[in-house]
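Read off the chains here:
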Amino acid sequence: MDIKTKIIELRQQIDAANQAYHTLDQPLISDAAYDALMNELIELETMYPEYDDPSSPTKKIGGQILDKFEKVTHTTPMMSLSNVFNREELYKFVERVEEVVTSDFVVELKIDGLAVALRYEEGILIQAATRGNGIIGEDITNNVKTIKSIPLKLAKPISIEVRGEIFMPHKSFHRLNQVRENNNESLFANPRNAAAGTMRQLDSQIVAQRGLDVYIYAIVDPLQYVTNHYDALNFLKSLGFKVNPYATLANNKEAIYAAIETFDNLRKTLPYDTDGAVIKVNPYDKYDVIGYTAKSPKWATAYKFQAEIAETTITSITFQVGRTGVITPVAELEPVVVSGTTVSRATLHNEDYIKLKDIRINDQVRIHKAGEIIPEVIDVVMSQRINQQPFEMIQSCPICQTPLRRLEGEADHYCMNESCDAKMIGQMIHFASRVAMDIDGLGEKVIEILYERGFIKTITDIYKLSQYQESLETLPGFGPKKVEKLLLAIEQSKSQPFHKVLFGLGIKHIGAKVSKIITQHFQSIENMYQASLEDIQNIHEIGPEIANSLFSMLKKPDFVEMIRYLKSAGLNFENVQKDIKSHAFNGKTFVLTGKLENYSRDQASDIIESLGGKVTSSVSKLTDYVLAGSDAGSKLKKAEALGIQILDEATFKDMTHA
Ligand code: IVH
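These numbers were taken from a predicted model, which means no experiment stands behind them. (Residues numbered from 1 in each chain as written. Predicted model: local features only at pLDDT ≥ 70, side-chain atom pairs only at ≥ 80, totals over all residues. Heavy atoms only, no water.)

### Focus: the nonpolar core
And step 1. Counting residues in hydrophobic clusters, the biggest one holds 70 residues, and the most contacted among them are Leu90, Leu118, Val144 and Phe241.
And step 2. Of all the elements, helix 9 (residues 253–266) adds the most residues to this core, at six residues.
And step 3. Judged by nonpolar contacts, the second largest core, of 53 residues, contains Tyr451, Val483, Ile525 and Met528. (Core = buried A, V, L, I, M, F, W, Y, C linked by side-chain atoms within 4.5 Å. Buried < 20%, exposed > 50% of the residue type's maximum accessible area, 1.4 Å probe, protein only. Helix = DSSP H or I, 4+ residues; strand = E, 2+ residues; numbered from the N terminus.)

This is the structure we're talking about:
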């Protein structure tokens, strides 16, 4: 899809979501999904200003106006807030502000309800309005008057407009849904929708029974009364308004982040929903200096708490073929933000997993990141189901159409075609990856291109590529420099140790750790060939499955041929004996902490181990060295306290060569 079509499609999706949410009180998609769409659109519009459109939803403040209530033109627009989703983005916001004014902020909870504007004349509530589209809202005075925490009369007879958030506490929400369930009425999806739906009631008697509440967080034209926001909150309290008690002053980015972390823990215990923190510049005279965008002030932002579980829709189920031929069903999702990143696909593992959870296309599902990394579908929101067709597992490989086989006792289906394109490509991707042969420049995309063009069909072809230097240079996106770098990386991979080579060959059940154990035991491929099945099984930590897998692979003529070629190309098929006995790392215990510039953690660990050292995860009296990168935290402190020798990266590098 071209960029312009994508932008238009995103705008339409967001407009539809806005309409459903603001006007109909029936959200189409979750907040996280909405944020993901909006972020994508903002990003594309920033990158491609030529497709700018003044009616884009990024330029609008809210939804449309209902006809049921009188319209109210706001005295000053009710703007919304920009969002940040992680520490990095927060720090960028703070640093931008700090370029203009001294660091002085208030951090507040972001209450998850609906915004309200309240006007008082001589201390008496005369009008309450919803945000509407930010310029024109709806008059909900009668409804608001039923909310007990909103004063009808202030402690002082002043004329003032304030703004705040109406919300439904958990207790009221559960009570309301209980009643609705008993009456066979549809349930509200969450407290915010319940609050919004309630405020749209024409009968204020109903509103009075629903137990709504409010927190007031701003004064319009505050400079008549106070000079900064923190004082404004206290002033509001003194007038009789309900103000959230957790507002915190902070005068640097670390303090802001600390407050947010505290809020993130606190919110799990609060009797109402919050969806983030709001960070506002404290001194009011700086607001105009810092300024506004069309949509939001630049002196404030909302830090959205990371949803660890998000809801979204499965648009289709696709199937991936792994390097071993295993077929993995994948849920293609409406993009949604989960734990800080946008997710558009999630694993469904296998047929049994899908059947067990009865997952179907078009289902609304809850997703999370398993082990905080891999997006996974947790379950289906059954109340939202529309598709009556249960999932059917495919019967043949989506790539080569060979009939699939499900092995006895396994949940997975396999493509049994040895030369299935997906398998061949997958094997090479694994072989070249950082954790195996670490061939820089030979990633997924490049492998796919080289495969499609017929340059590489199997792993051995990688070491034949140098013969085709000139033809490679003519491939789209390649060029002499890139090809030279790639060929150099391939050459350098020949010095990867034996265990990385064995692991890279992708034999079933031979992972990184097993590969180390086996190569350590046999020392060379020749010794491996001579071993009986029993010999392999007798290795400590090696079970029958692993032994069988390795033993049968060693007997396969294709495999033998591949090893013969790779060996002649110069790859390591035996452990190179280094004189490590006298090395400073030999027999020493290391702990790694912080971010290293020149090595990944795995690489540093490999170096240490190759020199006879050991890497452990926690610092104790038994630790000999701590290798500390940047941003090292508690481990470094502990090491200092215990008087353990700390190495920076440069010293470490020098010592490895010593
Ligand atoms: S300050 C210029 N403070 O979040 C807007 N808003 O998109 C100033 N909200 O519409 C808003 N808690 O409904 C502010 N402590 C808080 C808030 C808060 C919730 C809502 C408000 C606003 C939306 C931001």
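### Brief notes about the side chain of Ser549
And step 1. Of note, Ser549 is situated in helix 21 (residues 544–555).
And step 2. Assessed through its relative accessible area of 14%, Ser549 is described here as buried.
And step 3. Those residues within four positions of Ser549 in sequence are excluded, and the remaining contacts are Ile507, Lys508 and His509. (Contact = heavy atoms within 4.5 Å.)

### Section: the sheet that holds strand 20 (residues 614–616)
And step 1. A sheet is described by the order of its strands in space; here four strands give the open sequence 20-19-21-22, paired in parallel fashion. Of all strands in the sheet, those bounded by a partner on one side alone are strand 20 and strand 22 (645–647). When the angles between neighbouring strand axes are averaged without regard to direction, this sheet yields 35°.
And step 2. In the sheet, strand 21 (residues 625–628) pairs with strand 22 via three bridges, with the strands oriented parallel. Across the sheet, the residue bridging to Val626 is Ile646, located in strand 22. (Pairing = 2+ DSSP bridges. Axes fitted to C-alpha atoms, helices over the stretch in contact; angles between N-to-C directions.)

### A short note on the pattern of salt bridges
And step 1. By the definition in use, this model includes 32 salt bridges.
And step 2. A salt bridge links Glu40 to Lys6; the shortest N-O distance between them is 4.0 Å. Remark: Lys6 occurs in helix 1 (residues 3–23) and Glu40 occurs in helix 2 (residues 31–47); sequence separation between them is 34 residues.
And step 3. Relative accessible area serves as the criterion here: at 28%, Glu40 is assigned to the partly exposed category.
And step 4. A salt bridge links Glu410 to Lys508, with the nearest nitrogen and oxygen atoms 3.5 Å apart. You can see Glu410 sitting in the loop between strand 17 (404–406) and strand 18 (413–415) and its partner Lys508 sitting in the loop between helix 17 (498–504) and helix 18 (512–522), a full 98 residues away along the chain.
And step 5. For Glu410, a relative accessible area of 25% translates into the label partly exposed.
And step 6. Several salt bridges converge on common partners, so that one network encompasses Glu351, Asp352, Lys355 and Arg406. (Salt bridge = Lys/Arg side-chain N within 4 Å of Asp/Glu carboxyl O.)

### Remarks on the sheet that holds strand 9 (residues 248–250)
And step 1. Spatially, the five strands line up as an open sheet ordered 2-11-10-3-9, and their pairing is mixed. Looking at the sheet topology across the chains shown, the edges are occupied by strand 2 (83–84) and strand 9.
And step 2. Sheet topology note: the strand 3 (residues 105–111)/strand 10 (residues 274–281) ladder contains seven bridges and is antiparallel. If you follow Lys110 over to strand 10, its bridge partner there is Gly276.
And step 3. Against the sheet, helix 9 engages strand 3, strand 9, strand 10 and strand 11 (300–304), with an angle of about 25° to strand 3.

### Structural notes on unusual backbone geometry
And step 1. Of note in this structure, Asp221 is not a glycine but carries a positive phi near 55°.
And step 2. Take Asp221: it is sitting in the loop between strand 8 (213–219) and helix 8 (229–239).
And step 3. Even without glycine at this site, Asp438 takes up a positive phi of about 55°.
And step 4. Tracing the backbone shows Asp438 in the loop between helix 12 (421–432) and helix 13 (444–452).

### Observations concerning the site of the ligand
And step 1. Among the 14 residues in the neighbourhood of the ligand, the closest are listed as Glu108, Ile111, Glu165, Tyr217 and Lys280.
And step 2. The separation between a nitrogen atom of the ligand and a polar main-chain atom of Ile111 is 3.0 Å.
And step 3. One of the side-chain nitrogen or oxygen atoms of Arg131 is found 3.2 Å away from an oxygen atom of the ligand.
And step 4. Counting only elements with at least two residues in the shell around the ligand, the list comes to strand 3 and strand 10.
And step 5. Considering every element that reaches the shell around the ligand, the biggest residue donor is strand 3, with four residues. (Near = heavy atom within 4 Å. Polar contact = N/O pair within 3.5 Å; in protein donor to acceptor, adjacent residues only side chain to side chain.)

### Concerning the packing of helix 12 against helix 13
And step 1. Where helix 12 meets helix 13, the closest approach of the two axes is 10 Å, and the angle between their N-to-C directions is 135°. Classified by the angle their axes make, helix 12 and helix 13 are oblique. Once helix 12 is placed against helix 13, the crossing between them reads as right-handed. Along the contact surface, helix 12 presents Asp421, Met424, Ile425, Met428, Ile429 and Ala432, while helix 13 presents Glu444, Ile447, Glu448 and Tyr451.
And step 2. Looking at the contact of helix 12 with helix 13 residue by residue, the classes come out as seven nonpolar, no polar and three charged. (Parallel < 35°, antiparallel > 145°, perpendicular 65-115°, else oblique. Left-handed = near helix turned anticlockwise from the far one by under 90°. Nonpolar A, V, L, I, M, F, W, Y, C, P; charged D, E, K, R; others polar.)

### So, the side chain of Ser600
And step 1. Examined against the element boundaries, Ser600 turns out to sit in the loop between strand 19 (589–593) and helix 23 (601–610).
And step 2. Looking at Ser600, its side chain comes within polar contact range of the side chain of Arg434, at 3.0 Å.

### Some details on the pairing of strand 19
And step 1. Of all five residues that make up strand 19, five are buried, and the element is covered over most of its length.
And step 2. Both faces of strand 19 are covered, namely the face carrying Thr589, Val591 and Thr593 and the face carrying Phe590 and Leu592.
And step 3. In this sheet, strand 20 lies alongside strand 19 in parallel orientation, the contact comprising three bridges. Counted as the bridge partner of Val591 is Thr616 from strand 20.
And step 4. In terms of strand pairing, strand 19 meets strand 21 through four bridges, oriented parallel. Each residue of the ladder has a partner; that of Val591, found in strand 21, is Val626.

### Side note on empty space enclosed by the protein
And step 1. Taken as a whole, this structure holds one cavity of 30 Å³ or more when the rule is applied.
And step 2. As for the largest cavity, its lining consists of Val72, Thr73, His74, Thr75, Ala117, Arg119, Gln127, Ala128, Ala129 and Glu161.
And step 3. At three residues, the largest contribution of residues to the lining of the largest cavity is made by strand 5 (residues 124–130).
And step 4. Here the residues of the lining of the largest cavity sort into four nonpolar, four polar and two charged. (1 Å grid on protein atoms, 1.4 Å probe; cavity = no way out; pocket = protein on both sides within 12 Å on 5 of 7 lines; lining within 4 Å. Points joined across faces, edges and corners; volume = space filled by probe spheres on them.)

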